[in-house]
Amino acid sequence: MKSQEIRSQFLQFFKSKSHKIVPSAPMVLKDDPTLMFTNAGMVQFKEYFLGNSEPASSRITDSQKCLRVSGKHNDLEEVGMDTYHHTMFEMLGNWSFGDYFKKEAIHWSWELLTEVFKIAPENLYVSVFEGSKEDKLGLDTEALDLWKEIVPEDRIVYGDKKDNFWEMGEQGPCGPCSEIHIDIRSEAEKAKKPGKELVNEDHPQVVEIWNLVFMQYNRKADGSLVELPAKHIDTGMGFERLCMVLQGKQSNYDTDVFIPLIAEIEKITKAAYGKSEKIDIAIRVIADHVRAVAFSIADGQLPSNTGAGYVIRRILRRAIRYGFTFLETKEPFIYKLVDVLSKQMGEAFPELKSQKTLCENVIREEEQSFLRTLDQGLVLLEHIISETKGKTVSGEKAFELYDTFGFPIDLTALILRERGFDLDQKEFEIQLKKQKDRSRAATQVTAGDWEELNPVNAEAFVGYDHLETETQIARYRKVESKKGTLFQIVLTQTPFYPEGGGQVGDKGFLVDDENNKINITDTKKENNLIVHFAKSLPKNPNVKLKAVVNAKNREATAANHTATHLLHQALREVLGTHVEQKGSLVKGDYLRFDFSHFSKVNKEELEQVEKLVNNRISEQLPLEEHRNIPFKEAVDKGALALFGEKYGDAVRAIRFGESMELCGGTHVKNTSEIWYFKITAEGAVASGIRRIEAITGEAVKDYFANQDEVLEQIKAELKNAKDPVKAVSTLQHENVALKKQIESLLKDKAKNLKTELKSEISEINGVNFLAKQVDLDAGGIKDLAFQLGNEFENLFLLFGTEQQGKALLSCYISKDLVKEKDLHAGKIVKDLGKYIQGGGGGQPFFATAGGKKPEGIKEALQEAQAYLK
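What counts and what doesn't
- All chains use their own residue numbering, which begins from 1 and follows the written sequence.
- Reporting in this predicted model follows two pLDDT cut-offs: at least 70 for local features of residues, and 80 or more for side-chain atom pairs to be given and counted; totals over whole chains, interfaces and linings ignore these cut-offs and use all residues.
- By convention in this description, side-chain values take in all heavy atoms of the structure and omit both hydrogens and water.
- Every helix listed is a DSSP run of H or I at least four residues long, and every strand listed is a run of E at least two residues long, numbered separately from the N terminus.
- A 1.4 Å probe rolled over the protein chains alone gives each residue an accessible area, and that area as a share of the maximum for its type sets the label: buried under 20%, exposed over 50%, partly exposed in between.
- Here a residue-residue contact requires only that any non-hydrogen atoms of the pair lie within 4.5 Å.
- Note on areas: Shrake-Rupley, 1.4 Å probe, and residue coverage restricted to the protein chains presented here.
- His is not counted here, nor are the chain ends, while Lys and Arg score as positive and Asp and Glu score as negative.
- By convention, the charge on Lys lies at NZ, on Arg at CZ, on Asp at CG and on Glu at CD.
- Two strands qualify as a pair provided that DSSP identifies no fewer than 2 bridges between them.
- For helices, the fitted line uses only the C-alpha atoms of the stretch in contact; every axis is such a line through C-alpha atoms, and the angle between N-to-C directions lies from 0 to 180 degrees.
- Whenever Lys or Arg places a side-chain nitrogen within 4 Å of a carboxyl oxygen from Asp or Glu, that contact is recorded as a salt bridge.
- Counting of polar contacts relies on pairs of N or O atoms within 3.5 Å, with two restrictions inside protein: one atom must be capable of donating a hydrogen and the other of accepting it, and residues adjacent in sequence are counted only when both atoms are side-chain atoms.

1. Things to note about the overall build of the chain
Phase 1 of the analysis: When you go through the chain residue by residue, the secondary structure sums to 25 helices and 33 strands.
Phase 2 of the analysis: The principal-axis extents of the C-alpha atoms in the chain amount to approximately 105 × 80 × 55 Å.
Phase 3 of the analysis: Burial analysis of the chain (869 residues in total) assigns 51% to the buried set.
Phase 4 of the analysis: Sequence-distant contacts in the chain: of pairs separated by 6 or more residues, those separated by 24 or more amount to 68%.
Phase 5 of the analysis: Looking at the chain as shown, the accessible area adds up to about 41800 Å², and 48% of this sits on carbon and sulfur atoms.
Phase 6 of the analysis: Within the chain, one finds 117 positive and 133 negative side-chain charges whose respective centroids are separated by 3 Å.

Pasting the structure below:
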């Protein structure tokens, strides 16, 4: 059975049980402050489990794309080492929100596995929660009794809290679970040892395929458990493992999920899978990681140096490193696998098809960049080895190579072993732990339980129509972090817009009847709740309050948000309909807009884009807002939907003339409120992604005023020339002519100096030697040194010069002399740099050092002879 059929049969089975099939949510999370990625099937349904909103259906099923790079069994460095763990994977699931519970979940799982998928019952084991003294919970007898009706008791395993109690996080909904495990070993292996003894023992052929979570408790901040008012079902089955079982394979990588990718890797690299363990691991790593990276890029997350982007870059670099080390690939090739992946999974996940070119371009650029980093790292590692006394390389220096230059530590260790060196791994781990501790301390947040005071209104957000409203605190909690104590406040209704869709959250204040103010410093959305951040609470949290948004900032932000829509439309008109929004930042003082385009936007195109946006502003286009319009209807009307965004059945569409987009942000009532649009910057973010920064309104007025001021200053410097442009042009021409004269004079000076210096070269121990301070710039000194080097054999030169209050040392050594005397110009200038309070380096035959103490030049020159003794 092909993987596409397996996925379809799962979904259709639960559809027959009255479940609604929903599409996979994006793997990259944009508006969830608690998670970077969807790491489990239930993530998109968190708000339902928490009771913050009502689902469209009480029964749901889907296949969710997930990414895990940490946690139980999923450390990134372990993926590829075995045949059944992954970074990106699909999670097949079925959910009940306050509808059915353990009986149906257990019976349907068994029915699907044994009757629909025809898995032999004698190969299956099930587990139940044995209880926890710590949580004062007993054995899950309800699940146990249900399983006893289905399987012999010797097929039931009892699991502890670690294996059979699932939690969303340190706080929140949780509950016991039943896992279904399968034994796919040979009959001979089964005869030697019962599969029951290998459950949860990380055996590659005795693996968990389905986890049935019975969500019935809520974990409070103090660790205690309380019963949930409504009980839920949350199940997750590993799609790749299910394919392994149903296709009769012993490895996930032998299924049709991975075989096309592996075959393409073999074809490109000429490496054979199944012949060598090291090569097999490398191929598995690359096949797994390209999926994670391509899906992330298709969802809108580009590799970067921070946050989720850093995780994606780290995954991709691991794949590149394995190809570089074990498949001997020195050129980019992983990007070529995107085509195979798109053909293979594009039907189920159409974003792979539509974003294929972008994925290829971004991955290729990342490969080129990291391969350059590897080349640079090899040079730096050689330098570390050359300076190492003994055979153990400092773990601190290896950590610097890893942390500063991104050079993989396992590659460092491998190269050192090949060269006969050891790595001080313990010292490296100490440095790594220090870094992690610093990072953890900077981000650690401790949240208390919510104190619930009032219910949240069904339509809590009123900020599209009002900037002030009467309200009360619905719930609040105290949050401790390195930044100090904050309070998170949820109001019964609010005019504050929560950060989302690129737009920053509103600021403002809450005020009571006695005019006591509480400043709101930020607003975010978490699990469908609008959360306001404040440094304090009202003296009496139960009093009625007025919520007031900072109007000036909101108006400026709304103008910039509308401008991004007009900019998007203008870019598509000028550059083509291939342009798609790939990210944005909308603040009160400026806007940033990322979009897909494969070349620099030239000056004429930018002027055209700017003109089109300002034409729309001049046309005074009114806002046409469609709230709660069906998604399909909005798209049919021409609304642009962005890949990587999660849309519900009903959406909000914003139209200004020909521009129409799905958007939850705040906007002006008429484009004339924007006043004027000015592009301030355009540049590349990644291959195929450009970024425009722009300003509107008051910021443009300030910009023009500043430009006027700069022009007046220039005119004053030009003695109030009537035509400043002509005056500057004349100065530039004069400057070029003077530079040529200076270059000619310097050449004459160097020629005369060369004649003078030739007579000063003396012989010391068979070496032609000269150490002297000269009045030339760095370029002139280098030319002079190499000219003298062509005329004298066995030449050792050290020149010092003072330029603009700084010192410069330049050392030249004949190449034959470098070998014979074991001299190294780079090491010499680095050593002599201490006299000028500086440092430097370079090649064995020529190097320079700079410093801030020119008076030390004389001493450095005097010390030069010491290297010839």
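2. What about the sheet that holds strand 32 (residues 838-842)?
Phase 1 of the analysis: If you walk across this open sheet you meet the 6 strands as 28-29-30-31-33-32, and the pairing is mixed. Of all strands in the sheet, those bounded by a partner on one side alone are strand 28 (762-764) and strand 32. Ignoring which end each strand starts from, the neighbouring axes of this sheet average 20° apart.
Phase 2 of the analysis: As paired elements, strand 30 (residues 795-803) and strand 31 (residues 806-813) share 8 bridges and run antiparallel to each other. Considered in strand 31, the bridge of Phe796 is made with Ile813.

3. Thoughts on the sheet that holds strand 25 (residues 659-662)
Phase 1 of the analysis: The 3 strands are arranged 23-24-25 in an open sheet whose pairing can be described as antiparallel. Each edge of the sheet is formed by a strand with only one pairing partner; in this case those strands are strand 23 (624-630) and strand 25. Each strand axis lies, on average, 20° off the axis of its neighbour in the sheet, ignoring direction.
Phase 2 of the analysis: Both strand 23 and strand 24 (residues 650-656) contribute to a ladder of 5 bridges, which runs antiparallel. From the neighbouring strand, Glu625 faces strand 24, where its bridge partner is Ile654.
Phase 3 of the analysis: Docked against the sheet, helix 17 (residues 551-575) engages strand 24 and strand 25, running at close to 115° with respect to strand 25.

4. Regarding the pattern of salt bridges
Phase 1 of the analysis: Here the structure, examined in full by the defined rule, presents 53 salt bridges.
Phase 2 of the analysis: Close ionic contact of Arg291 with Glu240 constitutes a salt bridge, the shortest N to O distance being 2.9 Å. A residue pair is termed long-range when its members are at least 10 positions apart, and Arg291 in helix 9 (residues 277-298) and Glu240 in helix 7 (residues 239-246) qualify at 51 residues. Across the pair, exposure class does not vary: Arg291 and Glu240 are buried alike.

5. As for the environment of Asp649
Phase 1 of the analysis: Inspection of the secondary structure assignment puts Asp649 in the loop between helix 19 (631-636) and strand 24.
Phase 2 of the analysis: Sequence spacing of Asp649 and Asn628 is 21 residues, and the spatial spacing of their C-alpha atoms is 8.6 Å.
Phase 3 of the analysis: Each residue touching Asp649, except ones within four places of it in the same chain, is listed here: Lys20, Ala56, Ile629, Pro630 and Phe631.
Phase 4 of the analysis: Side-chain polar atoms of Asp649 contact the side chain of Lys20, separated by 3.2 Å.

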